[in-house]
Amino acid sequence: QVQLVESGGGLVQAGGSLRLSCTASGLTFSRAAMGWFRQAPGKEREFVAGVSWTTIGAYYADSVKGRFTISRDNAKNTVNLVMNSLKPEDTAVYSCAARPPGLQLTKRVYDYTYWGQGTQVTVSS
């Protein structure tokens, strides 16, 4: 049974930073493309950042490029998202997601099979 557990959300002032972590179990993490997505009230879930298990590296949404950094630690089955220079429009529930092992990194929500429960990030102005 695959489980993804997020941590690290919270309330921060605009311009501040947060670090989100997601720990995975029950899948071959070293071969799984991992993504972070977010959903704000009244909006659709959107891709934020993803990290490949191959040499492709990482993808970012244009809205977070230069501010957010995604990384993975295969020894700990963990993927992290460091968020700097946060803006009120970054407020959302952030969820970690995984593709079935062996598949390439994508930005499409429906390509991801496994999801965490989400963690709230609130940025005050």
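One can find the structure itself at the top, above this paragraph.
These figures come from a predicted structure and were not determined experimentally. (Residues numbered from 1 in each chain as written. Predicted model: local features only at pLDDT ≥ 70, side-chain atom pairs only at ≥ 80, totals over all residues. Heavy atoms only, no water.)

Peer 1: Lay out the pairing of strand β11 (residues 119-124) with the relevant residues and their values.
Peer 2: Burial along β11 is one-sided: the residues Thr 119, Val 121 and Val 123 are buried and none of Gln 120, Thr 122 and Ser 124 is. Where strand β2 (residues 10-13) and β11 come together, four bridges link them in parallel fashion. Along β11, the bridge assignment pairs Gln 13 with Ser 124. Strand direction decides the pairing type here: strand β9 (residues 92-98) and β11, joined by three bridges, are antiparallel. Bridge pairing in β11 links Val 93 to Gln 120. (Buried < 20%, exposed > 50% of the residue type's maximum accessible area, 1.4 Å probe, protein only. Helix = DSSP H or I, 4+ residues; strand = E, 2+ residues; numbered from the N terminus. Pairing = 2+ DSSP bridges.)

Peer 1: Requested: an account of the state of the cysteines, with residues and values cited.
Peer 2: This structure, assessed with the given rule, holds one disulfide. Through a disulfide, Cys 22 is tied to Cys 96; the S-S separation comes to 2.1 Å. Classification of the bridge connecting Cys 22 and Cys 96 rests on its S-S torsion, roughly -75 degrees, and on that basis the disulfide is left-handed. Of the two residues, Cys 22 sits in strand β3 (residues 18-25) while Cys 96 sits in strand β9, which places them 74 residues apart along the sequence. Across the pair, exposure class does not vary: Cys 22 and Cys 96 are buried alike. (Disulfide = S-S within 2.5 Å.)

Peer 1: Lay out the pairing of strand β8 (residues 78-83) in plain terms, naming residues and giving numbers.
Peer 2: Counting buried residues in β8 gives five out of six residues, a clear majority hidden from the surface. Here β3 runs beside β8; their pairing, made up of six bridges, is antiparallel. Following the sheet pairing, Leu 20 is matched in β8 by Leu 81. Pairing of strand β7 (residues 68-73) with β8, which is carried by six bridges, proceeds in the antiparallel orientation. Each residue of the ladder has a partner; that of Arg 72, found in β8, is Val 79. Counting the residues between successive antiparallel strands, the hairpin from β7 to β8 contains four residues, one of them, Asn 77, with a positive phi of roughly 55 degrees.

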